[in-house]
Each structure stands twice: as structure tokens, then as C-alpha cells.
Number of protein chains: 2
Amino acid sequence: MRTQRWASDLGPLRLLVAVGEHGSITEAARLEGVSQPAASKQIAALERAMSLPLLRRAPSGSTLTAEGEVVASWAGRVLATVEQMRGAVESMRVHADPDLVVAASMTVAEHLAPAWLSTLRATRPDVHVGLRVTNSHDVQELVVRGEVDLGFVETATLDPRVESRRLMRDRLAVVVAPTHAWAARRRSLGAEDLARTPLIVREHGSGTRDTLDRVLRANPADPLLVLGSNEAVKGAVKAGVGAAVLSVLAVGEDVRRGQLVEVAVDGLDLHRPISAVWRRGQRLGDASRTLLRTAASGSPA
Amino acid sequence: MRTQRWASDLGPLRLLVAVGEHGSITEAARLEGVSQPAASKQIAALERAMSLPLLRRAPSGSTLTAEGEVVASWAGRVLATVEQMRGAVESMRVHADPDLVVAASMTVAEHLAPAWLSTLRATRPDVHVGLRVTNSHDVQELVVRGEVDLGFVETATLDPRVESRRLMRDRLAVVVAPTHAWAARRRSLGAEDLARTPLIVREHGSGTRDTLDRVLRANPADPLLVLGSNEAVKGAVKAGVGAAVLSVLAVGEDVRRGQLVEVAVDGLDLHRPISAVWRRGQRLGDASRTLLRTAASGSPA
DNA sequence: ATGCCGTCATAATCTACGGTTATGAGGACG
DNA sequence: CGTCCTCATAACCGTAGATTATGACGGCAT
């Protein structure tokens, strides 16, 4: 009984939103580049798998049912996310001749850069951007050595050989699963509560871990679990293993969805700046300036 | 040249995040219920398709590369969205014996209800909720007739036979593609600008269309295009066909991603309330009250 | 050292899913 | 009433992806 097969192939979802947009299976099939019977069968299979009527079929065309609209809306979100991912992948792939090379720390590369680059691509389709991903320190190193035009870092400690522009403030948040005892708390957590609780953390060297250790300099408790990626940490938290401290950029979505709960904490400043950096004295090119402007206006969160 | 085949099957993405979480292809394969060679091949295929090294393989296990982490992060988001969709589908499917039946108008069902129900499911896994989707008027009708326990509507005109609780304020926004002339505007739009511009709109009877017509009662211009779903409208806007007026709930994500641009408008109140309604005098059950509380605290946007 | 445990990759095989073309049924419309 | 569009069904076929079996490689104990 492979877990809900309908959720694993995007073809039918593409078809469904296309039908919603054009009111016809035949037309949708044409758009997606498959034959009409194939499209018909895919959507029928989707309906069968979901046990929901998605389309109102008629010889004059097909329209979405109420359920169909809801599903199509979600499908649209899924596809948009995939599209974003496509963009991120595209920019990480070494391009033949990028007009602009930028380096970004993990958090920025994961959560911010794709949106910036997508905007840039929409307004300036001619500019090819290459993206390199490393930690905040190495980003600055690359900038200083002139290997990249622009860097994005999430640290407060800037190399004197770079100029910088502050873009926004990131914030770390304490998160737990909705079933965790802390989720029901009404009082804020104290700094000492946090320091004495074993947490799920990233490995040493990660920007998030370093920030956490710096803030909690009063000897933090031994980690409950050390994991190699933010995704892994989030997974463990959702599974109810324990609490973690992560960037709001990483958990915002999950908190909004109610899959994670943020716990307020008193007496600690968990903010950190996100900045663009470039080599001191370096005159920024046209493309760089456009990207910088995009990033600065992008999300003044 | 079927468009980028790697983006169409979620299996490999599932595998990738599982590897990130457990540091081993073998373990990930076990978790996903496939054989180890299958997993190995799927991920290898993914890397080939993306032209990116995602894993650092060793006889002691596998860890994500920097690129792998970025991709895994996006994959996580994609999968989370799919999971949400699964939840929405699950609640729309007629259940054997739902403990609680709610009705929601389109906007709520599309954008709010899944998050509420997901939260509810996390804290009260025993409660089965049935969800019916119709327009705001019919929702109230169902509530009055006692066919549903609770309703959610996005309209200001409430039936006198229901009690209600205001949950949040929705807002309509004028949106255009980033390439549209209005996207570069620095001055706000005037009400008369909007009234005289042909827009892409929903069909009559849709809550969004009705709200728009009510606000723009000074005879609005003939529609540029009439489409049957919010997704269709968004698609047309992104394609650069023209401007549209849609709920921020529907376009928020796209605006944040830079795929759509909101244009400020002066002299018009585009807000509308979102409320929970139930039959006057009806004593709410335990499950209803929990859901109501969840909805109220969910997103006080 | 050496043998055992784990990891991952490759090879050979087979099934079944999803694609295609061809055709038929049904309403809309001149 | 015939034509033209819609969508569904049927028969056929190719291939992607699964499986089992096996081999190479490194870590770690004895």
C-alpha cells in the first residue's frame, strides 16, 4: 500500500490547473504536450485516488467543481514551489558565462536568494546569475579574493576588507511540536530555562549553531541531538523529539501552518543581521546593483 | 523535450530529505519502503538531471553537500505543501462518521481551513472533521438548516439567524506582473484609475467578484477577461495579460516570491471580514469550540 | 593482521504504468 | 438534421522503475 500514490506525480496536478485555466481537458492536454486520452485518464485516476469529483464534464468543456478549485489552488502552490526550486537549482548549476556571480550563506541561499533571483529574472531575463553556497566566513573570503561579485551573509562579524549593506534582520526562534509541553505555555521562557534544556542543534560551524552558542554563552546544556541540516532538525522537532532554536526564515512556514509552535523567550536577543557584502573599493556593476536593490526591497521583514 | 522531468516525481525528493535526516541511503530507502538499490538509483538520477552533486557518499554513510542542503530544503517545502493538500483532500472526502462538520467559503477553504484542521489534527487526532465547500451565502444556509456545525464566511452580510465571531480581516489587493507598467509606479493608484481600467475578474457570484463590484459601485469598466477560478486569474496576470484584484490570501505567497507585484490604491476600502458562524442559540460542542479557538488564534493577520 | 559489519553501486530481469492511435457517444449550434 | 466540438473507451506497446543478487570498499572489533 505505497503511501497515497496520487501525491507523488505532478503531471495530473499540472493538468488539473490547466483545465481550471482553460475549461477544457483537450486544451489542457495540448498545453501540457500529451494526448487528450492521456490527460483524461490521468485526471480520472486523480479523482479516483482522492475519492473526490474534481471536474464537471460536459460536451462543451469541463469546469472545476468546488472541491476541484480547492485542490487546484493547492496544486498551484505546489507547482509554484517546485518552480522556485527549479530556479534555485538553475542558479547553482555552473553556467557557461554568468554575468554575475554571487555567494550566499546557507540560510540566505535556502530561503532568500531564490526569490531575489526569480524577481531579477522576471525583470532582467538577460542576466545570468551564478550562485555559490558556503558558510558566512567563506562567503566573505570569496568576496575579498574577487572570486564573486557579491556576497550575502548572516553574521554580525564582518571582514574589514569588505563594504556591506544591511538588508534585514533575521531572528532565531525557539520551536517545538504542537504536542510538546512548551506549546501550551502562556508565560515566556527564561534565558536560564533555555540554557538548561538539552536542545536539538546543528553541528559546530553552522551559522545557526554559532549564533546560538554566542547568545547562550553561559554554558549551554549538552545537546539532546546533533543533526547535519536544518531540515533534519525540523524533522526531529516535528516528531516530538524535543525543542530547537532555528531561524524564523527556516520555520516561518511551518509555524504558520501550525506544524511547529514558537515559544516566546525573555531576556535574550536572538536577532542577527543579514547583509550584502562586496570588496572594499570595488565599483559595483549594473547587474550587481539591480540585484542589491531587489534584495533590499524584497522582504523588509 | 518534456519540461525538466526531475521536477515531476516526488519520490526522489522524499528520498533526499530522508537521507539528509538519517545520513544514510539505506536507512532512507527503508523508511520510504523501497529497496536500497532503487533509492540509490533515484538519487543518482536526480543528481544527473540537476547536474549538481547532492550527496557526499562514503562507506560509512552519506551526507548532503551544500547544494544538497539547499535542494533538500526546497524539497521539504514542496513536500510540506503536498502534505497540507493531503489534509485538505482528506477533510473534503465524505467521512464515515465525522465528529464535526464544517462548511467554508472558497477563500477560507483554500487558504485557511487546511492550516486550522492540520493544527486540530496535531492536538486532537481523535476528532474527524468533514469539510464542505460552497459560497458564503450557502454556507450560512447550511448552518441555519443545521446541516453543519460551524461555518466560515468571507462576507460582511450575515444572516440574522446565525451567531458569529469575527476571526480576521481579509483584504483585496491590486496585483500585476513584475513586467507590467504599474509595477514600477511609485504613486498610489486612484479609485477612478481602477474603475476605468479593464480588469481580469472572476465570474459573477464569486465572493471576490461581488466584493469588487460593491467597492467599485461607480460603474466599473468592462472586464478585460472573465475566468472561472482564482488560479486562472493569477495565471493570466502572471502571463502579463493585465491587472486583477484578488484576496491577499490568494496572492500573498506570489507577491512574497516576486512573481506578482501589489499596486497600492488610494481612496478605497478593500477590506472584508472573515467570520465563523453557527446557528443562533446553538450550544457549540467541544470539538467546535476547539476548532473555533484554533481558527481565532491561528493567524491574527 | 584479518574477518565481520556496515555502507553504496552495478548487473540482470521483469512487471506494470503511462503513453499513443483509433474509435464511439453525446450535446451544442447553425 | 448534419456538423463540430467535447470527453471516454479500447487495444496496443515501450520503457521507466521495481526487485533480487552480487561485488567493492572502509571502519572496527578481535
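Predicted model, so just to flag it, every value in this text is computed and none were measured.

## Focus on the relation of the copies chain A and chain B
Step number 1: Between chain A and chain B, the superposition needs a rotation of 180 degrees and an axial shift of 0.0 Å, giving an RMSD of 0.1 Å. Here the two chains are linked by the operation of a two-fold rotation axis. By C-alpha distance to the rotation axis, the residue of chain A lying nearest is Asp9(A), at 2.4 Å.
Step number 2: The residues that chain A uses at the interface reappear at the interface of chain B in 100% of cases, marking a shared surface.

## Considering the packing of aromatic side chains
All names here are of chain A.
Step number 1: Here the structure, examined in full by the defined rule, presents two aromatic pairs over all chains.
Step number 2: Both rings, one in Trp-116 and one in Phe-152, keep their centres 4.8 Å apart while their planes meet at 50 degrees; by these two values the pair is tilted. On the criterion of sequence distance, the pair formed by Trp-116 in helix 6 (residues 113-123) and Phe-152 in strand 5 (residues 150-153) is long-range, its members being 36 residues apart.
Step number 3: The residue whose ring lies beneath Arg-77 is Trp-74, and the NZ or CZ to ring-centre distance is 4.0 Å.

## Topic: the pairing of strand 6 (residues 162-176) of chain A
All names here are of chain A.
Step number 1: Two strands pair when backbone bridges link them, and strand 6 and strand 11 (residues 271-279) are joined in this way by nine bridges, in the antiparallel orientation. Opposite Arg-166, over in strand 11, you have Ser-275 as the bridge partner.
Step number 2: Summarising the sheet, strand 6 and strand 9 (residues 244-247) pair through four bridges and their orientation is antiparallel. Looking at the pairing, Val-175 lines up with Ala-244 of strand 9.
Step number 3: Two elements, strand 6 and strand 10 (residues 261-263), share three bridges in a ladder whose sense is antiparallel. Within strand 10, the residue paired with Val-175 across the bridge is Glu-262.

## Description of the nonpolar core
Step number 1: Trp116(A), Phe152(A), Leu291(A), Trp116(B), Phe152(B) and Leu291(B) are the most contacted members of the largest nonpolar core, which has 115 residues in total.
Step number 2: Considering every element that reaches this core, the biggest residue donor is helix 4 (residues 66-92) of chain A, with 13 residues.

## Some points on the protein's contact with DNA strand D
Step number 1: Surrounding DNA strand D, one finds 18 residues, the nearest of these being Thr26(A), Ser40(A), Arg57(A), Ser35(B) and Gln42(B).
Step number 2: Within 4 Å of the protein, the atoms of DNA strand D are drawn from sugar and phosphate moieties in a proportion of 66%.
Step number 3: Take Ile25(A): an N or O atom from its main chain is 2.8 Å from a phosphate oxygen of DNA strand D.
Step number 4: Contact distances for DNA strand D include 2.7 Å between a sugar or linking oxygen and a backbone N or O atom of Pro59(A).
Step number 5: Per element, the largest residue contribution to the surface near DNA strand D is four residues, and it comes from helix 3 (residues 36-50) of chain B.
Step number 6: Its residues placed into classes, the surface near DNA strand D shows eight nonpolar, eight polar and two charged.

## As for the environment of Ala191(B)
All names here are of chain B.
Step number 1: Here Ala-191 is to be found in helix 8 (residues 191-196).
Step number 2: In the structure, Ala-191 is positioned 77 residues away from Leu-268 in sequence and 6.3 Å away in space, judged by C-alpha atoms.
Step number 3: Setting aside residues no more than four positions away along its own chain, Ala-191 makes contact with Asp-266, Gly-267 and Leu-268.

## Regarding the protein's contact with DNA strand C
Step number 1: As a structural note, the neighbourhood of DNA strand C is formed by 18 residues, with Gln42(A), Ile25(B), Thr26(B), Ser40(B) and Arg57(B) the closest of them.
Step number 2: In the environment of DNA strand C, a phosphate oxygen lies 2.8 Å from a nitrogen or oxygen atom belonging to the backbone of Ile25(B).
Step number 3: Ser62(B) is positioned such that a nitrogen or oxygen atom in its side chain is 2.9 Å from a phosphate oxygen of DNA strand C.
Step number 4: Of all the secondary-structure elements, those providing two or more residues to the surface near DNA strand C are helix 3 (36-50) of chain A together with helix 2 (25-32), helix 3, strand 1 (55-58) and strand 2 (61-64) of chain B.
Step number 5: Take the surface near DNA strand C: its biggest share by element is four residues, from helix 3 of chain A.
Step number 6: When its residues are assigned to classes, the surface near DNA strand C shows eight nonpolar, eight polar and two charged.

What counts and how
- Residues numbered from 1 in each chain as written.
- Chains lettered and ligands numbered in written order.
- Predicted model: local features only at pLDDT ≥ 70, side-chain atom pairs only at ≥ 80, totals over all residues.
- Heavy atoms only, no water.
- Least-squares fit on C-alpha atoms with pLDDT ≥ 70 in both.
- Contact = heavy atoms within 4.5 Å.
- Phe/Tyr/Trp six-rings, centres within 6.5 Å; stacked < 30°, edge-to-face > 60°.
- Helix = DSSP H or I, 4+ residues; strand = E, 2+ residues; numbered from the N terminus.
- Lys NZ or Arg CZ within 6 Å of the ring centre and 35° of its normal.
- Pairing = 2+ DSSP bridges.
- Core = buried A, V, L, I, M, F, W, Y, C linked by side-chain atoms within 4.5 Å.
- Buried < 20%, exposed > 50% of the residue type's maximum accessible area, 1.4 Å probe, protein only.
- Near = heavy atom within 4 Å.
- Polar contact = N/O pair within 3.5 Å; in protein donor to acceptor, adjacent residues only side chain to side chain.
- Nonpolar A, V, L, I, M, F, W, Y, C, P; charged D, E, K, R; others polar.

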